[in-house]
Structure formats: structure tokens, C-alpha cells
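One-letter residues, chain by chain:
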Amino acid sequence: MSATEPPPGRATPTPPAPPTSSAPPPAPLSSSPPLPASATSADPAAPPPPAAASTSAFALSRAQQEWSARLRALGTERLRPHADSRDPGRVNRPLLRELGEMGLLGHAVPGARPGERVSALDLCLLREALAYSCPQAETALALQGLGAGPVADVGTPGQRARWLPEVAAGRAVAAFALSEPGAGSDAAALALRAEPEPGAGPKGGGAGGEHAARRWRLSGRKTWISNAPEADFYTVFARTGEGPGSRGVSAFLVPADRPGLTGAPLDMLAPHALGTLTFDAVPVTGDDLLGAPGQGFPVAMRTLNLFRPSVGAFAVGMAQAALDASLQHAAERPAFGGVLRDLQSVSHQLAEMATRTEAARLLVYAAASAYDASTGTGGDVARRAAMAKLMATETAQYVVDTAVQIHGAAALQRGHLLEHLYREVRAPRIYEGASEVQRSLIAKELYRTRPPRTGRPHTKESPT
């Protein structure tokens, strides 16, 4: 049986899901299934060709399925040893360098390859595959892309040349610094101030040129920042006051060694680095601007529109890992004279887990395909991205929690696959827009795009 064929007796989903024959058993994360021979002979960084024209956005080509299978195997063979060798809650630089050497970071860092856009669908396939076999590697990859996204989007040639190759190689660590103690879900309510220095150039306009001489001092705090305080640079969103609310926010590229910038780690449930940043009159100039003054909020939203579907893919990968571990456990665990899967209550749980996971996967692929078919903005991209993130992260929480219930106490032991997933799966329902924010965004888009009303409104007549 090849690495891309489903195990005997298991129905093939539509669209074809990444294969489950290399599913990690419900055992410590250090266990490594054998690497398929095909995984060692192909370049994992080479993107798969798109599906044939006759297939829809909801069916992956065989090449895409095989690419996902190779990534999952390589995640176990090459990436998980780096993940297991480091303490959680810290930036894992050896793991980042391995991702860079494998060429995988180039699929998450926009602009890392000259003249190429990041494919949202390729990014989703990559994140789903890594989340299945090595969630730590998946998170490290995603945070590089998120932190560098605004630099690729609106950075100057100098900013791009200085940082993007280093981020894509895993030599520099990027961070996306948006959240604040009083502005998490309400990103337009940012309080970090960018106070202009007197006589430092005109107000308004874009980065560089006539505004390169402008100077500001950043004062305030950021919190819940992934990769802080260990990143090498931060994409920082601060209030410059060109307008009220989101219209007065600008984006800056701030190297970590700027005077006045300090940080501290946070001890979090999620097993990756998170911290706070304190800005004590940190100097920035027009050369540090990312885009035009007052245009930072659209920059942030464009980056999030790309990454939100792939957050859903991350969740789908974790859900699939939990589902496969549960299928194996239910087939082997003795219970009441048989095995667990003989119990209707357990088999129905497994069916529900599988159905929800597949529904989330389809929504993620559809959102990514919509992004790739557009310029990344306009149309229904924002709504689809929000739906994908909402559905997939909520589904993953349910699937992982149910998997723990099926496994029982063993799943809560330190080092067990499900113990790790249980800690990892909670955060995506909050970061990059909490589930409640996604629901509000979806409703706003529904009202914005609703068809015009025709004819008289329906009224229920009183009975006679």
C-alpha cells in the first residue's frame, strides 16, 4: 500500500484528504513512524501543480495529495526531533533553520521568492500537513509568515531586501505586534502612541521620499505577542492620529535592538513563545514606516485575510491527528468483552468527529481558493476567511476534546500526542481574531452583500 492510499476498509473522503496511513499512534510525541521512500527523493519545497481544470476547488490533485503526504512524513522525520529537543514556550531557532533549509518557509513568507505571491491553498496544505505531524514546526512557520507579511506587502525595497531573505532562511525571527492590554479583539482601539518629534518632516504621505525625515517616539505596551521577546524584528501597529479609530493607525518595522524596547515572556498554556513588549520612547523614522501613515490597519487586515484560512488548516491538521489516533485506539482498546469501536456511543462519536473535520477542511480549501482567485481583497474573501477560521478552530476544539474522552486518562499524560494537542488547540480560537469577532465579521459581510429587497415585505395576516 502506498503512502497516498487510504487504509483498507476506510472510505475515501471527498475531496481526498491527506492520507492517514502515517498517522502517529496515541503515544509520546518522540515516537516516529517510518519515513516513506518517496519522501526522501522529492523536494518538499517544490509546490505541487494545481488540480486539473476539470476538478473543482474542493478536490485536490494527486500531486497535491502526494505533496501533503511527503510533508507529513518529513515533519515526523526531520522536524519533530528539533521540536522535542527544546523547551516549550521559547523560540526554537534550530527548528526554524531546518524549515528554512527545507525551503518550506518560502511558502509562508510573502515575497520571499521574487515575483511570486504566496498561494493560500499551498499554505493551507503545508500548515495542515505539519500540524498533523509536528504542530511546533507548523506554528514556527506560520509566525514567520505573519510577522513578515506586512514587510512583503508594503515594505520598501530596502526593508524587503534586509529582512525577507533572512526570515525565509530561518535566520531571523519575525513577529506581528498588534494586540495590546486594552485592544485585543478591538484592533482599531490601539493605544500605543507614535508621538511625532517637532520639526521632523511633513505629515501624511508614504514611506520614504519626502517623509523619510519624519521621526516619532513609540510609547506604550503590546501583549500576547507571539515570538516576543525573542524576535529579531517586530511589525508594530501604533496610533499616529491621521484620523479617528482605525484611520489613525500606522505600521512600523522595529528591529529588536532599538533603544527603549524591552520585553518579557509570558507563561502560557500554548506551547510556543508569547510575551509582552514595552516601548519607552522608542525612536522610529519615516524609513521604518510600512506603507503610508494612517494606513496600518488595512495592512494588518490584508495580512490576516491571507493567514486566517491557514489557521483553519492548522486546526484541521490537529483534528485529523486526533481523529486518526482515536480510530486506532478504538480498534485496539479492550472494553466490555470487545473493543471500544464496538460500542455504538464511541462509533457515533468517531463518525461525528470525521464529518465535522471534513466539513471544516472543505471550507478552508474554498476560502484559500477564493483568495488565490482574487488579489486577496474584495469580493467575498474576508467572509470566506472568517468562516474558515471559525468553523475549523471550533471543530478542532470539539474533535480533540472528544478524542481525549475516548482515550481516557492516558491522553492527559505529559508527552502524549493528545495532551500536546489539547494544549495547542485552544489558542487558535482566540488569536488572529477570536471566534466572536469572526461571527461579527461574517454577519457584517452578509448584510453588506445582501440582495436588494423586491416587492412588498411579507406580513402575516391575522386569522379571521
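Q: For this particular structure, what's the right way to read the pairing of strand β7 (residues 274-285)?
A: Residues in a regular strand point their side chains to alternate faces of the sheet. Across 10 bridges, strand β3 (residues 215-226) lies against β7 in antiparallel orientation. The partner of K222 across the bridge, within β7, is L277. Across five bridges, the pairing between strand β6 (residues 261-265) and β7 is antiparallel. From the neighbouring strand, P265 faces β7, where its bridge partner is G275.

Q: How should I be thinking about the environment of T262 in this particular structure?
A: Of note, T262 is situated in strand β6. Residue classification places T262 among the partly exposed positions, given a relative accessible area of 49%. Considered as a pair, T262 and T276 are 14 residues apart in the sequence and their alpha carbons are 8.5 Å apart.

Q: Looking at this model, I keep getting lost on the pattern of salt bridges. Mind explaining?
A: Pairs can form between side chains of opposite charge whenever their charged atoms are close. This model, assessed by the stated rule, comprises 21 salt bridges. In this structure, the salt-bridge partner of R62 is E66, at a minimum N-O distance of 3.2 Å. Here the residue R62 and the residue E66 both occupy positions in helix α2 (residues 62-84), the gap between them amounting to four residues, near one helical turn. Close ionic contact of R258 with D288 constitutes a salt bridge, the shortest N to O distance being 3.0 Å. Residue R258 is located in the loop between β5 (249-255) and β6, and its partner D288 is located in the loop between β7 and α7 (296-332); the two are separated by 30 residues in the primary sequence. Each member of the pair, R258 as well as D288, carries the same accessibility label: buried. Ionic contacts of the salt-bridge type, sharing partners, join the residues E128, E358 and R361 into one network.

Q: What am I meant to see in helix α6 (residues 157-169) here?
A: Residues that lie three or four places apart on an α-helix share one face, since the helix turns once every 3.6 residues. For α6, spanning 13 residues, the distance from its first C-alpha to its last is 18 Å, which sits close to the expected 18 Å at 1.5 Å a residue. In the structure, α6 departs most strongly from a straight axis at W163, where the bend amounts to approximately 25° and where the proline P165 lies between one and four residues downstream. Of the positions making up α6, those classed as buried are Q159, W163, L164, V167, A168 and A169. As for α6, its buried residues are in contact with α3 (93-101), α5 (135-154), β1 (174-177), β4 (233-239) and β5. One or two positions beyond α6, positive phi appears at G170, with a value near 80°.

Quick notes on the rules
Residues numbered from 1 in each chain as written. Predicted model: local features only at pLDDT ≥ 70, side-chain atom pairs only at ≥ 80, totals over all residues. Heavy atoms only, no water. Pairing = 2+ DSSP bridges. Helix = DSSP H or I, 4+ residues; strand = E, 2+ residues; numbered from the N terminus. Buried < 20%, exposed > 50% of the residue type's maximum accessible area, 1.4 Å probe, protein only. Salt bridge = Lys/Arg side-chain N within 4 Å of Asp/Glu carboxyl O. Expected span 1.5 Å × (residues − 1). Bend = angle between axes of the 7 residues up to and from the residue. Contact = heavy atoms within 4.5 Å.

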